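Structure assessment
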Amino acid sequence: MSINKQLKIGDLTAKLPIIQGGMGVGVSRSSLAGAVAKEGGVGIISTAQIGYDEEGFEKDQAACNNRAIHKHIKRAKELAQGNGLVGVNIMVALKHYAEHVKEAVAAGADVIISGAGLPMNLPELVSETCRTKIAPIVSSKRAAQLILKMWAHKYDRTADFLVVEGPKAGGHLGFSREQLNEIDTMDYDEEIRQIIACKEEYEKRYEKKIPVIVAGGIFDKTDIEHAFELGADGVQIASRFVATEECDASESYKLAYINAKEEDVQIIQSPVGMPGRAIRNACRTARNNVNLAVFLNLFLCNINIRKVDHSVFHNRIQSITDCFRLLIDLFHHEMLKAALFSCFCIPFDFGGLLLNFITVQVIEMRLTRRQLCKLKVADVIHIARVFQDCRNI
């Protein structure tokens, strides 16, 4: 399969076989998803706390998130100008999972991708007669078989496509820490082949094509072509889009990616209890000497407090406890509590709020800071389609 061929999902078609992976909180919303779709790919909006900047979020997060789902799907489609597809990534672990799915369907999402758990009841939330296509994220043949068998038995239905997320993805990962520590000896290519083989039974049964999308560690044309050689119909790329101009994250967040070295990437336990990748930073490596500015820039960069002069607080920060007290005294914000939980695993009662810290797929960016800061989504897609090895550009 050529990288220039289309990705067909039922009666929907994307000009390019590239799906932009969902990233929350506030990393892939309408700006990034719309830009990817405009280039002919599949732009994905993360619904995790998507309404954090909506008026009244502190009082009614659920309503604000639902409203934001509608707003960002509509805006992404407007930005796409009739090109590509626009969808959402909805984590099974979300407290209001069912509501997010229904809102996305009502808003006209082209696709719903669901992971961070097994989306066993997704078909009952999305009518087969509606236009929205559904896909589970799986990491093993066993998970794929379990979901496809359950959907067939309970709903007499199958997946519209599958996203196969490998061990090099950012998270939330369907692998144990032990498996991730032995990633170099893992033959995941064989697992992909087995997943592709197991879905063929359901293609025959329901007389439809079930495209397989490979995700995790996809950098360039060589990686994409390798996925196609294994039998994949498309690829999902996430981290490569973060440092683009159109990405919804703040500049501080993007700079954390750009400034990261390969050795800064570490395996952590994500807020939903699954392994994931994060960039090492001052908050995690110097817990008794916290730099408030770094904390705010990296973990609260998408909240409307970015213009605060952090320097005036530095002298007050002598310990983690000081950091907690000062931040909570200053902001009294649910997103703050989530950030503290994500960074330090301190359990706050924030009603299921999830804020992942800087998750990445595999950070091996070799482009200069100046080049990365000027990149657009179109540039990232061009690099992926043309360059055999963009690690050394």
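Residues numbered from 1 in each chain as written. Predicted model: local features only at pLDDT ≥ 70, side-chain atom pairs only at ≥ 80, totals over all residues. Heavy atoms only, no water.

Some points on the overall build of the protein chain
Counting its secondary structure elements, the protein chain contains 15 helices and 12 strands. A buried classification covers 56% of the 393 residues belonging to the protein chain. Once local pairs closer than 6 in sequence are excluded, the contacts in the protein chain between residues at least 24 apart make up 64%. A total accessible area of about 16,800 Å² is found for the protein chain, and carbon and sulfur atoms account for 46% of it. (Helix = DSSP H or I, 4+ residues; strand = E, 2+ residues; numbered from the N terminus. Buried < 20%, exposed > 50% of the residue type's maximum accessible area, 1.4 Å probe, protein only. Contact = heavy atoms within 4.5 Å. Areas by Shrake-Rupley, 256 points an atom, 1.4 Å probe, with all protein chains shown as cover.)

Here's the deal with the pattern of salt bridges
Per the stated rule, a full pass over the model turns up 13 salt bridges. We note a salt bridge from Asp 233 to Lys 209, for which the minimum N-O separation is 3.2 Å. Here Lys 209 lies in the loop between helix H7 (188-206) and strand S9 (212-215) and Asp 233 lies in the loop between helix H8 (221-229) and strand S10 (234-237), a separation of 24 residues in the sequence. Exposure remark for Lys 209: the relative accessible area of 46% places this residue in the partly exposed category. Close ionic contact of Lys 221 with Glu 225 constitutes a salt bridge, the shortest N to O distance being 3.9 Å. On the criterion of helical spacing, the pair formed by Lys 221 and Glu 225 is a turn pair, its members being four residues apart in helix H8. Within this structure, Glu 54, Arg 67 and Lys 71 form a network of salt bridges that share partners. (Salt bridge = Lys/Arg side-chain N within 4 Å of Asp/Glu carboxyl O.)

Brief notes about the packing of helix H2 (residues 61-80) against helix H3 (residues 97-107)
Between H2 and H3, the least distance of the axes is 9 Å, while the angle of their chain directions is 30°. As summarised for this structure, H2 and H3 are arranged roughly parallel, according to the angle between their axes. Helix-helix and strand crossings are classified by hand; for H2 and H3 the assignment is right-handed. Seen from H2, the contacting residues are Asn 65, Asn 66, Ile 69, His 70 and Ile 73; seen from H3, they are Glu 99, His 100, Glu 103, Ala 104, Ala 106 and Ala 107. A per-class count over the contact of H2 with H3 returns five nonpolar, four polar and two charged. (Axes fitted to C-alpha atoms, helices over the stretch in contact; angles between N-to-C directions. Parallel < 35°, antiparallel > 145°, perpendicular 65-115°, else oblique. Left-handed = near helix turned anticlockwise from the far one by under 90°. Nonpolar A, V, L, I, M, F, W, Y, C, P; charged D, E, K, R; others polar.)

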